[in-house]
Amino acid sequence: MEPVSRSAWMTLAVVSVAVFMVAMELTIIALALPDIRAALTGTTPAALSWVVNAYSIVVAALLLLSGWLADRYGRRRVFRSGLALFALGSVAAGASTSIEMLIAARALQAIGGSMQYPAGMALLLDAFPRSRHQTAIGVWGATGGLAAALGPALGAVLIEAFGWRAVFYVNVPVALTALVVGARVLPESLGSPAPVRSARGPLGPGEAPETRVDMIGVPLASVGVGAVILGIVQGEAWGWGSAPTVGSFVIGALLVAAFAWRSRRHPAPLFDLDLLRIRSFVLGNVGSLFFALGFFALLVPLPSFIQEVWGWSALETGLAYSIGPLVSFLVAPQAGRLADRIGNSPLLTVGSACGVAGLLWLLFTISTEPSLGRLLVATVLVGVSAGTGFSQLVGAALRDIPPQRYAMATAGRTTFFQLSVAFAIAVAFALIGRPPSPAAELAAFKRVWVLCTGGYLCNLVLFTIIYPRRQVLPGKWSR
């Protein structure tokens, strides 16, 4: 196995600190929403939901553009710019005097977040030899899992001690530290020379690659993906058959289709559709959809069940809820090291089997009577599935990607993952509805858990039978 340089480990540290900050922000902000509503006059429930949704929509809408910018203008430059914007957005969010200002600040945070993901992953994969990619991705994913585990408890402490503004201000020193250290240790890397097309087809020897971004494709992709996410996250509030929801889906589908048509013909597309000829990339993304249905449709609504049916406090729920992410944090680095030897698919198979076991345990043992022991069995099993899922799905999708396309492929993969997570959560809450009694609520949640079991079962089949075992050499894309 190839040795890893000190600079590669430093790159991993900086990129992991950034993902820790972003992941923690996503887990602690939910705890601050009641205090935000009380502090900012005129805040309606719909406006409050946009504090969360604005981030998801803007991130998903800008990922493809951020990936192109990273490949074209430098991954370190884009990554550090994203850190700076995220810090600036955090300051603005903490200083907000109105709900409108807070939503705008969250959008600014999202712009910074969208720049960090593809550029950071490209820097990481560039720094490590290909034989050690899974180890690096495993540590990166474990850092996100640790943030998810610490988020609820840390958020509760910050809010109790300093108020809701602290959940935003806490990002600033982290981002500034990553900026300063990153300036010293992160190497610059570009995606060129990229295998772009000329108007006549693939470039021939001696032909210069096209460097102009597709200025028509940028709004098509950004607005199209944003419209789809908008329809998903607002579908329950607006009504799934309402004109705004249907209109969002129709507009989004038309714009995404136009973007695909445009990308096929432009010499420098925002997303190279030839990446969809890489079988491992496509199947890794399909696995992300099934994983989102199995994991996020379970974990996001679960605190509502624990508090509303079992009557636990927010602190009790947060502590019990953090066990799964903590298990994920412990498992992910070991899974990454093992994946460098045996590949992603065996680990994803094991993780999917653990997910199925955890969901079946929930379905057959959980009742309206509280039981920490029964809950912990399920959350530990699902935590193992996450530890062998998050990072391994990233590795499975990016396994055969050529180095010059790391940022673009990461952006495409993360965009699809954002869509999958939003879809899974929306479906889960639509299935739960507004049950009139604890017994009815348990029955509604069990319908969701059946869906989650199906998601993990699909991944079990996908990575046991369908996903290609043999790695493709860089530049030789599988069809």
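These lines cover the structure that appears in this document, whether it is placed above or below.

Take the packing of aromatic side chains next. Counted according to the given criterion, the structure contains 19 aromatic pairs. For the ring pair phenylalanine 291 and phenylalanine 390, a centre distance of 5.2 Å and an interplane angle of 75° mean the geometry is edge-to-face. Taken together, the residues phenylalanine 291 in helix H10 (residues 279–299) and phenylalanine 390 in helix H16 (residues 390–398) connect sequence positions 99 residues apart. With a relative accessible area of 2%, phenylalanine 291 lands in the buried category. Seen from their ring centres, phenylalanine 390 and phenylalanine 417 are 6.5 Å apart, and the 75° between their planes marks the pair as edge-to-face.

Right, let's get into the packing of helix H3 (residues 75–94) against helix H7 (residues 171–185). Between two packed helices, the angle of one axis relative to the other and the distance separating the axes together describe the packing. For the pair H3 and H7, the least separation of the axes is 9 Å and the interaxial angle reads 160°. When the axes of H3 and H7 are compared, the pair comes out roughly antiparallel. The interaxial crossing formed by H3 with H7 has left-handed handedness. Contacts between H3 and H7 involve Arg76, Arg80, Leu83, Ala84, Phe86, Ala87, Ser90 and Val91 on the former and, on the latter, Asn171, Val172, Ala175, Ala178, Leu179, Gly182 and Ala183. In terms of residue class, the contact of H3 with H7 is made up of 10 nonpolar, three polar and two charged.

Since there are 3.6 residues in each turn of an α-helix, residues three or four apart along the chain are aligned in direction. Over its 27 residues, helix H17 (residues 406–432) runs 39 Å from end to end, which matches the ideal 39 Å to within 8%, given 1.5 Å per residue. By the criterion of burial, H17 is predominantly enclosed, with 19 of the 27 residues buried. Backbone geometry just after H17 places glycine 433 at a positive phi near 65°.

The residue histidine 133 is located in helix H5 (residues 133–162) in this model. You can call histidine 133 buried: its relative accessible area is 6%. Within polar-contact distance, the side chain of histidine 133 engages the backbone oxygen of leucine 125 at 2.8 Å. Not counting residues up to four positions away in its chain, the partners in contact with histidine 133 are Leu125, Phe128, Asp340 and Tyr406.

A few words now on the side chain of serine 385. Along the chain, serine 385 turns up in helix H15 (residues 372–387). On the basis of relative accessible area, serine 385 is assigned to the buried category, the value being 2%. Here the side chain of serine 385 touches valine 382 through a polar contact of 2.6 Å, landing on its backbone oxygen. Leave out the neighbours within four places in its chain, and serine 385 touches Phe291, Gly351, Cys354, Gly355 and Tyr456.

A few words on the nonpolar core. In this structure, Phe79, Trp140 and Phe281 are the most contacted members of the largest nonpolar core, which totals 59 residues. With nine residues, helix H4 (residues 99–127) is the largest single contributor of residues to this core. With sequence-adjacent residues up to four places away left out, phenylalanine 79 is seen in contact with Val14, Val15, Ala18, Met115, Gln116, Ala119, Gly120, Leu123 and Leu186.

What follows covers the environment of leucine 220. Positionally, leucine 220 belongs in helix H8 (residues 217–238). Here the alpha-carbon distance between leucine 220 and leucine 338, two residues 118 residues apart in the chain, equals 40 Å. Excluding anything up to four places from it in sequence, leucine 220 contacts Leu255, Ala258, Phe259 and Arg262.

Moving on, we come to the pattern of salt bridges. The final tally for this structure, using the stated rule, is five salt bridges. The partner of arginine 264 in a salt bridge is aspartate 274, with the nearest N and O atoms 3.2 Å apart. One end of the pair, arginine 264, is in helix H9 (residues 243–265); the other, aspartate 274, is in the loop between H9 and H10, with 10 residues separating them in the sequence. Since its relative accessible area comes to 13%, aspartate 274 is described here as buried. Aspartate 274 is the salt-bridge partner of arginine 277, the closest N and O atoms lying 3.4 Å from each other. Taking the relative accessible area as the measure of exposure, arginine 277 reaches 31% and is therefore partly exposed. Each member of the salt-bridge network shares a partner with another, and the members are Arg264, Asp274 and Arg277.

Reading guide: rules and limits
Residues numbered from 1 in each chain as written. Predicted model: local features only at pLDDT ≥ 70, side-chain atom pairs only at ≥ 80, totals over all residues. Heavy atoms only, no water. Phe/Tyr/Trp six-rings, centres within 6.5 Å; stacked < 30°, edge-to-face > 60°. Helix = DSSP H or I, 4+ residues; strand = E, 2+ residues; numbered from the N terminus. Buried < 20%, exposed > 50% of the residue type's maximum accessible area, 1.4 Å probe, protein only. Axes fitted to C-alpha atoms, helices over the stretch in contact; angles between N-to-C directions. Parallel < 35°, antiparallel > 145°, perpendicular 65-115°, else oblique. Left-handed = near helix turned anticlockwise from the far one by under 90°. Contact = heavy atoms within 4.5 Å. Nonpolar A, V, L, I, M, F, W, Y, C, P; charged D, E, K, R; others polar. Expected span 1.5 Å × (residues − 1). Polar contact = N/O pair within 3.5 Å; in protein donor to acceptor, adjacent residues only side chain to side chain. Core = buried A, V, L, I, M, F, W, Y, C linked by side-chain atoms within 4.5 Å. Salt bridge = Lys/Arg side-chain N within 4 Å of Asp/Glu carboxyl O.

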